[in-house]
Amino acid sequence: MLLELKNVFKWVNSGGNRVFLLKDINLQIAQGSFVSVMGPSGSGKSTLLNILGMLDTFDEGEYFFNEQPVHQLKEKFRSRLFKENIGFVFQAYHLIDELTVYENIETPLLYKKVSSSERKALVSDMLDRFNIVGKKDLFPSQLSGGQQQLVGVARALIGKPKLLLADEPTGNLNSKQGEEIMEVFKRLNQEGVTIIQVTHSEKNAEYGSQIIELLDGRIISR
Ligand code: ADP
Ligand code: MG
């Protein structure tokens, strides 16, 4: 298994009561899977994805990533595990406005020990692969939503992650742009990248091989 959640709960305290965001989540994801997480707004999809992506913590239960107990790791080790294994794509792209396309894609490598010549080669590969070489010196605001999301995906992939997490990656795109992103995901998955995406679209979900449905913080079908 690439990752495993065991009896995971997350809650917030509100007026002396526990409000559960996730309840008793049990999940096993094998290397090479392509999973879609679905469910109504507020059902806990983003919370689940953020926990899997080590961007958020939880209150009870266990999380194993590559056999490592994420719930027991100190911040420093958790952050290393994230950098070495996980890429994250956001609905609203989360690109840095002040940086060019080239610089945005390069960013994750600046936190790793990658030489400047190697960085150049890796970023060039990404620009090629997503057909955005001509856009490399532009800023995010000069791109269409679809192009910005391609940059977001390129940035997520630059560190060659085992796991790609995407929270409604096509939520702000038109259907043609959305399809382009799904085709990119499909190809990546064929190349061995494990993908977990949150989506509202049945059509997008069908690109994956498994659907996990959440309701009120619980998995109700899989
Ligand atoms: P989804 O992505 O499925 O729309 P979320 O995971 O964002 O759902 O949120 C699940 C529920 O938890 C929602 O009702 C949301 O308002 C609530 N929630 C999320 N984060 C917090 C937080 N930090 N404090 C309190 N409530 C939260
Ligand atoms: Mg959400």
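Our subject in this report is the structure included herewith. (Residues numbered from 1 in each chain as written. Chains lettered and ligands numbered in written order. Predicted model: local features only at pLDDT ≥ 70, side-chain atom pairs only at ≥ 80, totals over all residues. Heavy atoms only, no water.)

With that settled, the discussion passes to the overall build of the protein chain. Looking only at helices and strands, one finds seven helices and ten strands in the protein chain. The C-alpha atoms of the protein chain give 18 Å as radius of gyration, which agrees with the globular expectation for 222 residues (17 Å, within 12%). Considering only residue pairs separated by 6 or more positions, the protein chain has 71% of its internal contacts joining residues 24 or more positions apart. For the protein chain, the exposed area adds up to about 11,100 Å²; of that, 46% sits on carbon and sulfur atoms. (Helix = DSSP H or I, 4+ residues; strand = E, 2+ residues; numbered from the N terminus. Rg over C-alpha atoms; globule rule 2.2 N^0.38 Å. Contact = heavy atoms within 4.5 Å. Areas by Shrake-Rupley, 256 points an atom, 1.4 Å probe, with all protein chains shown as cover.)

Let us look at the side chain of R78. Looking at the secondary structure, you find R78 in helix 2 (residues 75-85). Within the structure, R78 has its side chain in polar contact with the side chain of E75 (distance 2.8 Å). R78 has contacts with M54, T57, V70 and L73, leaving out every residue within four places of it along the chain. (Polar contact = N/O pair within 3.5 Å; in protein donor to acceptor, adjacent residues only side chain to side chain.)

Per the stated rule, a full pass over the model turns up six salt bridges. In this structure, R78 and E75 form a salt bridge, with 2.8 Å as the shortest nitrogen-oxygen distance. Within this pair, R78 and its partner E75 are both found in helix 2, separated by three residues, close to a single helical turn. (Salt bridge = Lys/Arg side-chain N within 4 Å of Asp/Glu carboxyl O.)

A separate point is the sheet that holds strand 1 (residues 3-14). Think of a sheet as strands paired side by side through backbone hydrogen bonds, with each pair either parallel or antiparallel. Spatial ordering of the open sheet is given by 2-1-4-5, a layout of four strands whose pairing is antiparallel. Edge strands, defined here as strands with exactly one partner in the open sheet, are strand 2 (17-29) and strand 5 (68-69). Most of the contacts of helix 1 (residues 45-52) go to strand 2, to which it runs at about 60°, and overall it touches strand 1, strand 2 and strand 4 (60-65). (Pairing = 2+ DSSP bridges. Axes fitted to C-alpha atoms, helices over the stretch in contact; angles between N-to-C directions.)

Around ligand 1, the surrounding shell consists of V12, L21, P40, S41, G42, S43, G44, K45, S46 and T47. Here G42 contributes a backbone N or O atom positioned 2.7 Å from an oxygen atom of ligand 1. Backbone polar atom of G44 to an oxygen atom of ligand 1: 3.1 Å apart, as the coordinates give it. In the complex, 52% of the free accessible area of ligand 1, which totals 560 Å², lies under the protein chains. (Near = heavy atom within 4 Å.)

For the rest of this paragraph, the subject is unusual backbone geometry. The backbone of E67 sits at a positive phi, close to 70°, despite the residue not being glycine. Mapping E67 onto the fold places it in the loop between strand 4 and strand 5. For E67, a relative accessible area of 68% corresponds to the exposed category. In this structure, H94 is a non-glycine residue whose phi angle is positive, near 55°. Taking relative accessible area as the criterion, H94 reaches 47% and is therefore assigned partly exposed. (Buried < 20%, exposed > 50% of the residue type's maximum accessible area, 1.4 Å probe, protein only.)

Where helix 3 (residues 101-110) contacts helix 5 (residues 145-157), the axes come no closer than 7 Å and their chain directions differ by 30°. Here helix 3 lies roughly parallel to helix 5, going by the angle between them. For the pair helix 3 and helix 5, the sense of crossing is right-handed. Of the residues in helix 5, those touching helix 3 at V101, N104, I105 and P108 are V151, A154 and R155. When grouped by side-chain class, the residues that make up the contact of helix 3 with helix 5 number five nonpolar, one polar and one charged. (Parallel < 35°, antiparallel > 145°, perpendicular 65-115°, else oblique. Left-handed = near helix turned anticlockwise from the far one by under 90°. Nonpolar A, V, L, I, M, F, W, Y, C, P; charged D, E, K, R; others polar.)

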